[in-house]
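# Inside the fold
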Amino acid sequence: MIIRISRDAGESYADYNVQVSEEMTVLDALFHIQENIDESLAFRYSCRGAVCGSCAIMVNGMPLLACKTPVARIEELNNVYEVFLPRKGEVPKDGMLLEPIPKLPVMKDLVVDWEPFFDLFGKLELKLRGAGNPPEKEYLIAKEKVRELEKYTNCISCALCWSACPVVGDLKDYPGPAALAKLYRFYLDPREPDALNRLAIANQEFGWWACDFYTNCKKVCPKKVPPNIAIGKARSQLKNMEDNQ
Amino acid sequence: MAGNNIHEHDLVVVGGGLAGLRAAIEAHDHGASTAVVSKVYPLRSHSVAAQGGINAALGNDPGSKGDSWEKHAFDTIKGSAYLADQDAVEILCKEAAASIYELEHWGTVFSRDSEGKLAQRPFGGAGVPRTCYAADRTGHNLLNTLFEQAYARGIKFYNEYFVTSLVVNDNKCTGSIAIDIQTGKLHGFSVKALILSTGGYGRIYERSTNSLINTADGHALAYRSGAALKDMEFVQFHPTTLYGSNILITEGARGEGAHLINSEGDRFMIKYAPEAKELAPRDIVARSITQEIEKGLGYAGEYVYLDLRPLGAEKINERLPGIRQIALDFANLDPIEEPVPVQPGQHYSMGGIAVNNEGETSIEGLLAAGECASVSVHGANRLGGNSLLEALVFGKKAGKKACCNNRQTGPLSIVKKVMDREQERLENLFSGEGDNWATLTKEMRKTVYSKFGIFRDKEKMEKGLKTIERLKDRYQNTALKYKGKTYNQALLKYLELGYMLEIAEAVAVSALERRESRGSHYRTDYPDSDDDNFLKHIILKADQKNRPAISYAPVRMGLFPVKEREY
């Protein structure tokens, strides 16, 4: 199979001829190339089990985790995957086109600069502020609440949703789906003393109100996190508060 | 920054996993200017992959009323085959509850019982349900919390910096040298203390559950600088890793009631551990599975089944959703409907950099915490749920110790000198014409897995050691063709291989030296434990010629005397 990989931020492409096997993942194919054909190739990896969020890339325009995508399933995915982003290169005949995820600066080959994505942890203060005097033991939290929180804590910060969101990059300072979902998770958290204040941080045109509900975020999320639902609920909460004032 | 890319901090923590971040937060909160230097972004660290849980005798579960730190300590020490240092285990178990509550107060979302308290599940080798958890994403949830807390404190992160050398003079550590992976430039760090928290050495093995980044970096950095390694022969094989990719299938699955089944449909653990069955400690379950397979009672001669169907769909979806997803994604099957093919695989490094109970190594100013250290609380076999706990408890201790000794930095000129030496060394790497790094890495992993695996003997291991020594020679002439500066991953993999080969040799030498069976170290030529000669730690230090020199250290007993390990 011809695997075509973006080099120099899509300025050029390199084609590699790889003998693919049934169980080979896209990440395996990248290792095969790096180890046997071209050691200059760069791509990110760590856990190879879809939990660390390192290996988000675009395959034929589909934003995916390389480690959990079998090469043999690409053709099938071409028919069922819901989100296709603009490609810079051409998909080779019977082959596969690998490009870095968009909306983050390209450092080399498939490696992008994550700084703008992680900067939001600081900008939106994405942590539990917590009360001054916590209980001696654990806070008591109902199971149902945990179930709701888990929907959002399952985020692995892979930035696939960031790359697939039409608003990100289009609107300056929009924090994007992952950060808003995480912010909402702290609003939801019963341990948070001033929860409504958390919603207020992003109560701006370029915050909660910028989402256009394309729901690409949820569709590409490998952990089924629904930022669109968090954003929708945050908006109605803020609207209720306004109406009551 | 003092020109020439030298950064000054009170403390540098190498590695941004659970132990490293916990250490960094502690040091920061004690007023130390603290930086985390990590070859990956912290959230990509291997801690994120920890699934099943974290132990503390909270007694929340109806089945664990009256649980105590002493019972936790007893289970841990028995599980360790009596090689754990008992004063260290006492600290681990006494501080367990507070460590977990602290993370809970910082925002970690744990699974709850019907009263809203932290839920606890049964785990291998534990007398009662003692393992707190966040479904099967405990490490992910804990690591996210610590990252959030560290980030909010303004702790300095040097992400994607690969440490190539420590600065050690007169047995005192005052810095480190690292490559900025993004630019390829070398940076120096001048410090009062340095903590290594780089994870285990799992990737010296084929068939490992570990992230691909667990390449013994901290162990080799410490060892090359003259620090002692301890009990390196003790390598845990997890009984249930997914056949094919060896991705971990948590012990929590068995804790919740999953069965191990051989090709005749028998629940074979009943034979090997009549009481504990599937919840015997990992060393015992891993050996039992291997024996079943070797007797021809496996499937395709390679694996057995882990049957989650007795749990039912609801329990699987609520408590093991990540496991279900792993089976769907990586084995193309749904554990609600089908059993999961599993085989044992390398999982955890009990051995590590020798440290005291406060994380100090034999080098002044150099500390270590987490999986890369050996305190030792795990001895010859770690119990599930104790590694996340160790990272929190001893990460915190190391962080405090590192910044509270009126420590001084060394002269910048020494850092500069080592940096220049490293610059020259790295530039001269690009000249070999031998095998490529990937070929040697594969050979090393195959060798270590086949010769230092679950069943060991002298003949096999001597052959293995010879192969490793030959690989070390061939490494000197490894071909490295790409000379680019930005994200030169070939260079990093070459350097990682150097680290791994040295540590593979250390594992081999220690394993040959221990002429008995204990915990994870099982020798078919010495099938019994030999307390008279080997109830002691094996210590390795690099000698003048950089060869491993063996010495011993006594096990610190004190709580529980040695007893037969029956399960």
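Criteria and thresholds
- Residues numbered from 1 in each chain as written.
- Chains lettered and ligands numbered in written order.
- Predicted model: local features only at pLDDT ≥ 70, side-chain atom pairs only at ≥ 80, totals over all residues.
- Heavy atoms only, no water.
- 1 Å grid on protein atoms, 1.4 Å probe; cavity = no way out; pocket = protein on both sides within 12 Å on 5 of 7 lines; lining within 4 Å.
- Points joined across faces, edges and corners; volume = space filled by probe spheres on them.
- Helix = DSSP H or I, 4+ residues; strand = E, 2+ residues; numbered from the N terminus.
- Nonpolar A, V, L, I, M, F, W, Y, C, P; charged D, E, K, R; others polar.
- Phe/Tyr/Trp six-rings, centres within 6.5 Å; stacked < 30°, edge-to-face > 60°.
- Buried < 20%, exposed > 50% of the residue type's maximum accessible area, 1.4 Å probe, protein only.
- Domains from an automatic or database assignment.
- Buried area = accessible area lost by both parts, 1.4 Å probe.
- Salt bridge = Lys/Arg side-chain N within 4 Å of Asp/Glu carboxyl O.
- Polar contact = N/O pair within 3.5 Å; in protein donor to acceptor, adjacent residues only side chain to side chain.
- Pairing = 2+ DSSP bridges.
- Contact = heavy atoms within 4.5 Å.
- Axes fitted to C-alpha atoms, helices over the stretch in contact; angles between N-to-C directions.
- Core = buried A, V, L, I, M, F, W, Y, C linked by side-chain atoms within 4.5 Å.

Taken as a whole, the second largest pocket holds about 760 Å³ of empty space. Of all the secondary structure elements, the ones that give two or more residues to the lining of the second largest pocket are helix H4 (143-153) of chain A together with helix H10 (312-319) and helix H11 (321-330) of chain B. When grouped by side-chain class, the residues that make up the lining of the second largest pocket number nine nonpolar, eight polar and 15 charged.

Moving on, we get to empty space enclosed by the protein. Scanning all chains against the criterion turns up twelve cavities of 30 Å³ or more. Here the second largest cavity defines a volume of roughly 250 Å³. Surrounding the second largest cavity, 18 residues form its lining, Tyr45(A), Lys39(B), Val40(B), Ile181(B) and Gln489(B) being those nearest its centre. Here the lining of the second largest cavity takes four residues from helix H16 (residues 489-513) of chain B, the largest share from any one element. Considering only residue class, the lining of the second largest cavity consists of ten nonpolar, two polar and six charged.

Within the structure shown, the criterion is met by 32 aromatic pairs over all chains. Here the aromatic rings of Phe118(A) and Phe147(B) are separated by 5.9 Å at their centres, their planes lie at 80°, and the arrangement is edge-to-face. Within this pair, whereas Phe118(A) is found in helix H3 (residues 115-123), its partner Phe147(B) is found in helix H5 (residues 138-152), the two belonging to separate chains. Judged by relative accessible area, Phe118(A) falls into the buried class, the value being 2%. A relative accessible area of 3% means that Phe147(B) is categorised as buried. Pairing Phe121(A) with Tyr151(B) gives two aromatic rings, centres 6.0 Å apart and planes at 45°, and the pair type is tilted.

All names here are of chain A. Taken as a whole, chain A is organised into domain 1 (2-112) and domain 2 (115-243). If you average the C-alpha positions of domain 1 and of domain 2, the two centres end up 29 Å apart. Taken together, the two surfaces of domain 1 and domain 2 that pack against each other cover about 1,400 Å², and 66% of this comes from carbon and sulfur. It is Val83, Lys103 and Leu104 that lose the most area in domain 1 upon contact with domain 2, and together they represent 36% of the buried surface on that side. Inspection of the region where domain 1 meets domain 2 yields zero salt bridges. The interface formed by domain 1 and domain 2 includes four residue pairs in polar contact (both at pLDDT 80 or more).

A few words now on the sheet that holds strand S19 (residues 373-374) of chain B. All names here are of chain B. The sheet built from five strands is open, its strands ordered S19-S17-S12-S20-S21 with mixed pairing. The outermost strands of the open sheet, each flanked by one partner alone, are S19 and strand S21 (548-554). Judged from the seven bridges that link them, strand S20 (residues 536-542) and S21 form a sheet pairing that is antiparallel. Bridge assignment links lysine 541 to a residue of S21, and that residue is alanine 549. Helix H6 (residues 217-224) rests against strand S12 (229-230), strand S17 (352-354), S20 and S21 of the sheet, and its axis sits at about 35° to S17.

Each partner contributes to the interface: chain B provides 61 residues, whereas chain A provides 59 residues. At the junction of chain B with chain A, the criterion picks out six salt bridges. As a salt-bridge pair, Lys68(A) and Asp329(B) come within 3.3 Å of each other at their nearest N and O atoms. On inspection of chain B and its partner chain A, the count reaches 39 residue pairs in polar contact (both at pLDDT 80 or more). Elements with a minimum of two residues in the side of chain B that touches chain A: helix H4 (96-106), H5, H11, helix H14 (437-451) and H16 of chain B. Here the element with the most residues in the side of chain B that touches chain A is H5(B); it accounts for eight residues. When the residues that make up the side of chain B that touches chain A are grouped by side-chain class, the tally is 23 nonpolar, 23 polar and 15 charged.

To continue, consider the nonpolar core. Among the nonpolar cores identified, the biggest contains 260 residues, and Leu98(A), Trp208(A) and Leu196(B) are the most heavily contacted of them. Top contributing element to this core by residue count: H16(B), with 17 residues. The residue makeup of this core includes at least three contributed by each of domain 1 (2-112) and domain 2 (115-243) of chain A. In contact with Leu196(B), not counting residues within four places along its chain, are Val14(B), Leu166(B), Gly218(B), Leu221(B), Ala222(B), Ile353(B), Leu366(B), Leu367(B), Ala368(B), Ala369(B) and Cys372(B). With seven residues, the next largest nonpolar core counts Leu83(B), Phe234(B), Tyr348(B) and Val555(B) among its residues.

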